[in-house]
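# Remarks on the overall topology
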Amino acid sequence: MSDEQDPPVEVRVDHLLVSGGDADRCPACGSPALPIGYGFPGDEMIEEYKRGELLIGGCFVDRNNPSHGCVNGHRWRTPPTPRFTGRAVR
């Protein structure tokens, strides 16, 4: 097994979710879980954040980013390797 990590991926997107399967409650405090969006936040992402449907995780996308969080600041990843989905901005 190699200790090498994949190089960082730089992507500009208007909406990128690190989806990690079903997570409905925070494992630390029991609060409702929210998906975490990464990338440059576009209008859709900002509206989802304002409605309380999404947390904004920042512009840097990495396979080790947490996939879910709660309003109390806890963050976690499920499953261990998230799958990246999104729409690229030209």
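Since this is a predicted model, take the numbers as computed values, not measurements.

## Some words on the overall build of the protein chain
If you tally the helices and strands in the protein chain, you get one helix and six strands. Secondary structure elements of the protein chain, listed N to C terminal, follow the sequence β-β-α-β-β-β-β. A total of 90 residues make up the protein chain; the buried ones form 30% of that total. The contacts of the protein chain with a sequence gap of at least 6 include a subset with a gap of at least 24, amounting to 52%. For the protein chain, the exposed area adds up to about 6300 Å²; of that, 51% sits on carbon and sulfur atoms.

## Description of the pattern of salt bridges
Tallied over the entire structure, the rule returns two salt bridges. E47 is the salt-bridge partner of K50, the closest N and O atoms lying 4.0 Å from each other. Residue K50 and its partner E47 are both found in helix α1 (residues 43-50); the two are separated by three residues, about one turn of the helix. Between R51 and E53 there is a salt bridge; the shortest N-O distance is 3.0 Å. Assessed through its relative accessible area of 51%, R51 is described here as exposed.

## Side note on the confidence of the model for the protein chain
Caution applies to low-pLDDT parts of the model: their predicted coordinates are not meant to be read in detail. With 61% of its residues at a pLDDT of 70 or more, the protein chain shows a mean pLDDT of 75. Strand β1 (residues 13-19) is the least confidently modelled element of the protein chain, averaging 47 in pLDDT, while strand β4 (residues 68-69) averages 93, the highest of any element.

Criteria and cut-off values
- Residues numbered from 1 in each chain as written.
- Predicted model: local features only at pLDDT ≥ 70, side-chain atom pairs only at ≥ 80, totals over all residues.
- Heavy atoms only, no water.
- Helix = DSSP H or I, 4+ residues; strand = E, 2+ residues; numbered from the N terminus.
- Buried < 20%, exposed > 50% of the residue type's maximum accessible area, 1.4 Å probe, protein only.
- Contact = heavy atoms within 4.5 Å.
- Areas by Shrake-Rupley, 256 points an atom, 1.4 Å probe, with all protein chains shown as cover.
- Salt bridge = Lys/Arg side-chain N within 4 Å of Asp/Glu carboxyl O.
- pLDDT = per-residue confidence, 0-100.

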